[in-house]
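As a plain string of letters, each chain reads:
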Amino acid sequence: MSERDGIFAGTDPFEIAARWLDDARDSEPNDPNAIALATVDATGMPNVRMVLLKEIEAQAFVFYTNYESTKAAELDSAGKAAFVMHWKSLRRQIRVRGTITRENGPQADEYYASRSLKSRLGAWASKQSQPLSSRTALMAEVAKVTAKLGPNPPRPPFWGGYRLEPTEIEFWADGAFRLHDRFQWRRENADTEWQIQRLNP
């Protein structure tokens, strides 16, 4: 592949990413929208964990979490993050790096309301990333918030979204003999044009 065609074709990287995610929904057995989200702590020590990407917007990627978690503290402190989506079934991956802002308004309310009741109650019950004495203690907390909040709990004030606005996106596809195809999209910020280049495998 000498030209950027086929699965790499397009003038908008967010549309390409959405198309690849749609392809993965047809082939991945579980969580095709899973991303490995990388952050750093105050000392520069890296951290990574799997989260679910919930939306690909016109200029950003959106996911949700507990604002009192370790990941949230690192996201808020650094204001930057990276993630990779990898699909074994497609032999493709997307790498993204950029800046982070909170999504803590109506969009977060709408997504929270779309979750199952047990997931909404679980968000209230879990003190994410904090020590837990036992699973029994966690389930007791779930029972407590269920009794208190009932069948329509509001979004917790400590739970919401993050929006990653990328300055770099790389589309990668497996190639024979490890001669993979890689195209990197880079820009200074959301107001500048994307620069696209093919990378060596």
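Residues numbered from 1 in each chain as written. Predicted model: local features only at pLDDT ≥ 70, side-chain atom pairs only at ≥ 80, totals over all residues. Heavy atoms only, no water.

Turning to the overall build of the protein chain, a few remarks are in order. Counting secondary structure elements, the protein chain contains five helices and eight strands. Helices (α) and strands (β) of the protein chain occur, in sequence order from the N terminus, as α-β-β-β-α-β-β-α-α-α-β-β-β. Principal-axis analysis of the C-alpha atoms places the extent of the protein chain at approximately 60 × 35 × 30 Å. Expressed as a percentage of the 201 residues in the protein chain, the buried residues total 40%. A separation of at least 24 residues holds for 62% of the contacts in the protein chain among residues at least 6 apart in sequence. Counting every atom, the protein chain has about 11500 Å² of accessible surface; 50% of that belongs to carbon and sulfur. (Helix = DSSP H or I, 4+ residues; strand = E, 2+ residues; numbered from the N terminus. Buried < 20%, exposed > 50% of the residue type's maximum accessible area, 1.4 Å probe, protein only. Contact = heavy atoms within 4.5 Å. Areas by Shrake-Rupley, 256 points an atom, 1.4 Å probe, with all protein chains shown as cover.)

If you walk through the whole model with that rule in mind, you get 15 aromatic pairs. Plain terms: the ring middles of Phe 8 and Phe 183 are 4.8 Å apart, the flat faces sit at 55° to each other, and that makes the pair tilted. Here Phe 8, found in the segment before α1 (13–25), pairs with Phe 183, found in strand β7 (residues 181–186); they are 175 residues apart in sequence, far enough to count as distant. Phe 8 gets classed as buried once you look at its relative accessible area, which sits at 2%. Ring geometry for Phe 14 and Phe 61: centres 5.4 Å apart, planes at 45°, overall tilted. In this pair, Phe 14 is assigned in helix α1 and Phe 61 in strand β3 (residues 61–66), connecting sequence segments 47 residues apart. Here Phe 14 matches Phe 61 in class, with each residue buried. The ring of Trp 20 carries the charged tip of Arg 92 above its face, separated from the ring centre by 5.0 Å. (Phe/Tyr/Trp six-rings, centres within 6.5 Å; stacked < 30°, edge-to-face > 60°. Lys NZ or Arg CZ within 6 Å of the ring centre and 35° of its normal.)

Another aspect to go through is the environment of Ile 94. Position of Ile 94 among the secondary structure elements: in strand β5 (residues 92–103). A residue is classified by how much of its surface remains accessible, and Ile 94, at 0% relative accessible area, is buried. Residues Ile 94 and Gln 130 lie 36 residues apart in sequence; the distance between their C-alpha atoms is 31 Å. The contact partners of Ile 94, leaving out residues within four places of it in the chain, are Ala 17, Trp 20, Phe 83, Val 84, Met 85, Trp 87, Ile 169, Glu 170 and Phe 171.

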